[in-house]
Amino acid sequence: YSTVAFGLNYKKNIRSGANMGALFGYGLTDKEESLKDLPIPIYGFSAQISYENGGDWTGADFDISKLSASAQSLTELRNRHLLALQIRGESAFNSPFAAQVRAQDLLGGQGRYSRTLFGRYGAGASASFTYYLLRNNIGLLSLQPFYELAYLYDGGYRHQSGTGASISYKFWRFPFPFGLNYTYNLSDSSSQVSFVFGAKF
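Okay, so let's go over this structure.

What counts as what
Residues numbered from 1 in each chain as written. Predicted model: local features only at pLDDT ≥ 70, side-chain atom pairs only at ≥ 80, totals over all residues. Heavy atoms only, no water. Helix = DSSP H or I, 4+ residues; strand = E, 2+ residues; numbered from the N terminus. Rg over C-alpha atoms; globule rule 2.2 N^0.38 Å. Areas by Shrake-Rupley, 256 points an atom, 1.4 Å probe, with all protein chains shown as cover. Salt bridge = Lys/Arg side-chain N within 4 Å of Asp/Glu carboxyl O. Buried < 20%, exposed > 50% of the residue type's maximum accessible area, 1.4 Å probe, protein only. Core = buried A, V, L, I, M, F, W, Y, C linked by side-chain atoms within 4.5 Å. Contact = heavy atoms within 4.5 Å.

## With respect to the overall build of the chain
Along the chain, the regular secondary structure elements total 2 helices and 11 strands. Beginning at the N terminus, the succession of helices and strands in the chain can be written as β-α-β-β-β-β-α-β-β-β-β-β-β. In summary, the chain has a C-alpha radius of gyration of 18 Å against a globular reference of 17 Å for 201 residues, a match within 12%. Across its three principal axes, the chain shows a C-alpha extent of roughly 55 × 40 × 30 Å. Counting every atom, the chain has about 10700 Å² of accessible surface; 59% of that belongs to carbon and sulfur.

Structure follows, in structure tokens:
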């Protein structure tokens with residue numbers, strides 16, 4: 001399954017840690033500034049597109065070809081709470097089952113699921129709101145409710161969706177947040193409680 005991927009990424013007013021909390025993208029050097037309220041809300045946006053390919057020329061046992069595109073908006077309110085919206089689409093033009101589009105790749109990344117769906121192509125959307133229960137000189141305590149949905153096609157359309165929330169804490173001098181996540185899978189009525197550590201960077 002060896003592949004080579006390349007893509008383009010554009011960002012404006014989005015920190016490098018814009019998931020489980022851009023949530024937690026604060027650095028120690030700007031701690032004092034980050035503890036202050038903003039004079040006005042900040043609106044951020046990002047868009048990316050990538051192409052992945054593999055075959056004999058990469059040492060893969062299969063021909064693999066996949067195109068991905070996504071966009072995200074992030075609104076940071078005056079009191080530093082954050083609203084994140086994301087859409088994503090993928091198409092596996094010529095890929096074996098294991099390298100097809102996965103529902104979890106189309107979801108927002110906040111939920112934890114015991115199973116996932118595969119398809120030839122699909123699209124997903126997610127929304128989350130990060131509410132800071134505590135912001136002080138020691139660290140950040142946040143509550144992040146979310147909703148996410150993905151549709152995949154493989155001879156027919158199927159969907160996977162979930163909702164829930166994460167509660168996480170991050171020390172200013174420790175680079176990774178940690179906490180608990182609760183996810184309710186709306187597709188099969190299952191639920192899962194997980195310990196979470198770190199974030200996407």
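Following the structure, the description resumes.
## Some words on the pattern of salt bridges
Here the structure, examined in full by the defined rule, presents 6 salt bridges. Among the ionic pairs, arginine 115 bridges to aspartate 188, the shortest N-O distance being 2.5 Å. In this pair, arginine 115 is assigned in the loop between helix H2 (103–106) and strand S6 (118–119) and aspartate 188 in the loop between strand S10 (178–185) and strand S11 (190–197), connecting sequence segments 73 residues apart. Of the residues examined, arginine 115 reaches a relative accessible area of 49% and is grouped as partly exposed. Look at aspartate 188 and you get partly exposed, because its relative accessible area is 33%.

## Concerning the nonpolar core
One finds Ala92, Val101, Ala103, Leu106, Leu107, Tyr113, Leu117, Ala150 and Leu152 forming the largest nonpolar core, which totals 9 residues. At the level of secondary structure, the elements contributing two or more residues to this core comprise H2 and strand S8 (139–153). Ranked by size, the runner-up nonpolar core spans 7 residues in total, among them Ile14, Leu74, Ala84 and Leu140.

## What to know about the environment of isoleucine 167
Among the secondary structure elements, isoleucine 167 is positioned in strand S9 (residues 157–171). What makes isoleucine 167 partly exposed here is its relative accessible area of 36%. Sequence separation of isoleucine 167 and threonine 130 is 37 residues, and the distance between their C-alpha atoms is 9.5 Å. Isoleucine 167 has contacts with Leu133, Leu141, Ser142, Leu143, Phe178, Gly179 and Leu180, leaving out every residue within four places of it along the chain.

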